[in-house]
Amino acid sequence: MRGDDPPMGNRETDTGPVGAVHVPVMVGQVVRGLRPRPGARLVDATVGLAGHAAAMLAAAPETELLGVDRDPHALARAARRLAEFGDRVRLRAGSFADLGALLAREGWDGADALLLDLGVSSLQLDDADRGFSFRYAGPLDMRMDPGAEVTAATVVNTWEERALADAIAELGEEPRARAVARAIVRARPLSSTQALAEVVARAAGRSRGKIHPATRTFQALRIVVNDELGALDRFLADGWTLLRPGGRLAILAYHSLEDRRVKDAMRRWAASCLCPPGLPQCVCGWSAKVRLVTPRPLRPADEEVLSNPRARSARLRIAERLEGR
């Protein structure tokens with residue numbers, strides 16, 4: 001089996017042991033776009049290995065940061081990374097989908113700078129025991145929150161073939177999803193990442209370019225297990241309300257399913273009217289809530305992609321809450 005590519009949608013590059021420096025994706029563009037100011041309240045709602053969080057804290061003194069993550073292992077690593085910033089940092093377990101409640105619990109009325117870095121981090125991807133990657137022999141797990149009930153093994157071994165094929169087609173954008181689902185059902189029970197990858201590779205056939213034939217199926221399973229798009233949709237329903245006036249939201253997405261949702265939500269927030277076209281006058285009562293700082297997504301520089309191939313699919317979008325809205 002080839003090991004050309006990890007599953008799509010990963011964030012921070014981890015190339016060393018505990019205590020090594022981890023390189024976050026597009027960190028310079030994120031910090032410039034969020035423009036943290038002295039005294040600001042910063043939120044990294046997917047804190048991961050804390051590379052972005054450390055850069056934001058270093059960029060502006062007297063700022064406070066709330067770091068949120070579903071993964072307790074990530075929070076432990078983030079605590080070590082951010083220890084130098086002392087009591088300026090609060091780390092909490094949770095999902096960005098529940099960020100409003102988390103902010104209220106901290107007594108915060110909103111954020112001046114808010115970051116979502118979507119997808120899976122290298123801390124998860126490169127740990128064989130977490131079961132995210134076909135590059136390593138590991139259990140079919142894929143849970144970002146190790147306490148969650150549903151695992152990849154649950155989906156692979158219990159879902160009906162049609163539901164499995166639909167998920168692989170929609171969430172993995174796998175053109176041979178029906179054949180892959182059929183092969184998985186016939187091979188049950190499956191318990192390891194490598195066993196699943198072998199079944200998928202035979203059914204999907206050789207992929208174009210360097211993408212491993214199991215990549216799309218692993219992406220789909222990971223999204224299902226962690227309800228990634230559901231969490232994103234819940235956040236995007238009214239995510240602008242989590243910003244203070246003048247506050248900025250930055251979202252890093254790594255595949256079209258995420259980025260399309262982010263683009264549509266930010267355009268909706270920035271619209272002056274949500275009425276269907278053709279009405280003689282506005283009846284919705286909506287007004288623009290944000291300004292699009294990036295009408296088109298920012299992409300990583302070629303130099304970054306060369307040094308960190310995992311950044312190649314990243315798209316960064318930024319919006320700023322309007323004053324008085």
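The structure contained in this document is the topic of the report that follows.

The rules behind each value
Residues numbered from 1 in each chain as written. Predicted model: local features only at pLDDT ≥ 70, side-chain atom pairs only at ≥ 80, totals over all residues. Heavy atoms only, no water. Buried < 20%, exposed > 50% of the residue type's maximum accessible area, 1.4 Å probe, protein only. Helix = DSSP H or I, 4+ residues; strand = E, 2+ residues; numbered from the N terminus. Arc of directions from axis to C-beta. Contact = heavy atoms within 4.5 Å. Polar contact = N/O pair within 3.5 Å; in protein donor to acceptor, adjacent residues only side chain to side chain. Axes fitted to C-alpha atoms, helices over the stretch in contact; angles between N-to-C directions. Parallel < 35°, antiparallel > 145°, perpendicular 65-115°, else oblique. Left-handed = near helix turned anticlockwise from the far one by under 90°. Nonpolar A, V, L, I, M, F, W, Y, C, P; charged D, E, K, R; others polar. Core = buried A, V, L, I, M, F, W, Y, C linked by side-chain atoms within 4.5 Å. 1 Å grid on protein atoms, 1.4 Å probe; cavity = no way out; pocket = protein on both sides within 12 Å on 5 of 7 lines; lining within 4 Å. Points joined across faces, edges and corners; volume = space filled by probe spheres on them. Pairing = 2+ DSSP bridges.

**Details of helix 3 (residues 72-81)**
Reasoning step 1: Buried within helix 3 we find Ala74, Leu75, Arg77 and Ala78. Buried residues of helix 3, viewed axially, fall in a sector of 165°; they line one side.
Reasoning step 2: Against strand 2 (64-69), strand 3 (89-93) and helix 5 (122-125) lie the buried residues of helix 3.
Reasoning step 3: Measuring from the side-chain oxygen of the N-cap residue of helix 3 to the backbone nitrogen of His73 gives 2.8 Å; that N-cap residue is Asp71.

**A closer look at the packing of helix 1 (residues 27-34) against helix 2 (residues 51-59)**
Reasoning step 1: One way to put it is that helix 1 packs onto helix 2 with a least axis distance of 10 Å and a crossing angle of 45°. One finds that helix 1 runs oblique with respect to helix 2. Note that helix 1 runs across helix 2; the crossing there is right-handed. When helix 1 is examined against helix 2, the residues Val27, Val30, Val31 and Leu34 are found in contact with a partner set consisting of His52, Ala55, Met56 and Ala59.
Reasoning step 2: Per-class residue counts for the contact of helix 1 with helix 2 are seven nonpolar, one polar and no charged.

**Topic: the nonpolar core**
As a rule of thumb, soluble globular proteins bury nonpolar side chains together.
Reasoning step 1: In terms of nonpolar packing, the biggest core is built from 33 residues, with Ile184 and Leu196 touching the most fellow members.
Reasoning step 2: Elements supplying a minimum of two residues to this core: helix 6 (152-158), helix 7 (161-172), helix 8 (177-187), helix 9 (193-204) and helix 10 (215-226).
Reasoning step 3: Among the elements that make up this core, the one with the highest residue count is helix 9 (six residues).
Reasoning step 4: Sequence-distant contacts of Ile184, that is, excluding residues within four places in its chain, are made with Val156, Leu164, Ile168, Leu190, Leu196, Val199, Val200 and Thr217.
Reasoning step 5: Among the nonpolar cores identified, the runner-up in size contains 30 residues, and Leu66, Leu103, Leu116 and Leu236 belong to it.

**As for empty space enclosed by the protein**
Reasoning step 1: A full pass over the atoms with the stated rule returns three cavities of 30 Å³ or more.
Reasoning step 2: Taken as a whole, the largest cavity spans an internal volume of roughly 190 Å³.
Reasoning step 3: Sorting the residues of the lining of the largest cavity by element identifies strand 2 and helix 11 (228-236) as the ones contributing at least two each.
Reasoning step 4: Among the elements that make up the lining of the largest cavity, the one with the highest residue count is helix 11 (four residues).

**Some words on the environment of Arg90**
Reasoning step 1: Within the fold, Arg90 resides in strand 3.
Reasoning step 2: Once the C-alpha coordinates of Arg90 and Thr158 are considered, the two residues, 68 residues apart in sequence, prove to be 39 Å apart.
Reasoning step 3: Setting aside chain neighbours within four positions, we find Arg90 in contact with Glu64, Leu65, Leu66, Gly67, Glu106 and Trp108.
Reasoning step 4: Among the polar contacts made by the side chain of Arg90, one reaches the side chain of Glu106 at a distance of 2.8 Å.

**Some thoughts on the sheet that holds strand 7 (residues 315-321)**
Reasoning step 1: What the seven strands build is an open sheet, ordered 3-2-1-4-5-7-6; its pairing is mixed. Two strands bound the open sheet, and with one partner strand each, they are strand 3 and strand 6 (290-292). Neighbour-to-neighbour, the strand axes of the sheet open up by a mean angle of 20°, direction not taken into account.
Reasoning step 2: As paired elements, strand 6 and strand 7 share three bridges and run antiparallel to each other. By the bridge assignment for strand 7, Leu292 is matched with Ala319.
Reasoning step 3: On the sheet, helix 4 (residues 99-106) packs against strand 1 (41-44), strand 2, strand 3 and strand 4 (111-117) and is oriented at approximately 140° with respect to strand 2.

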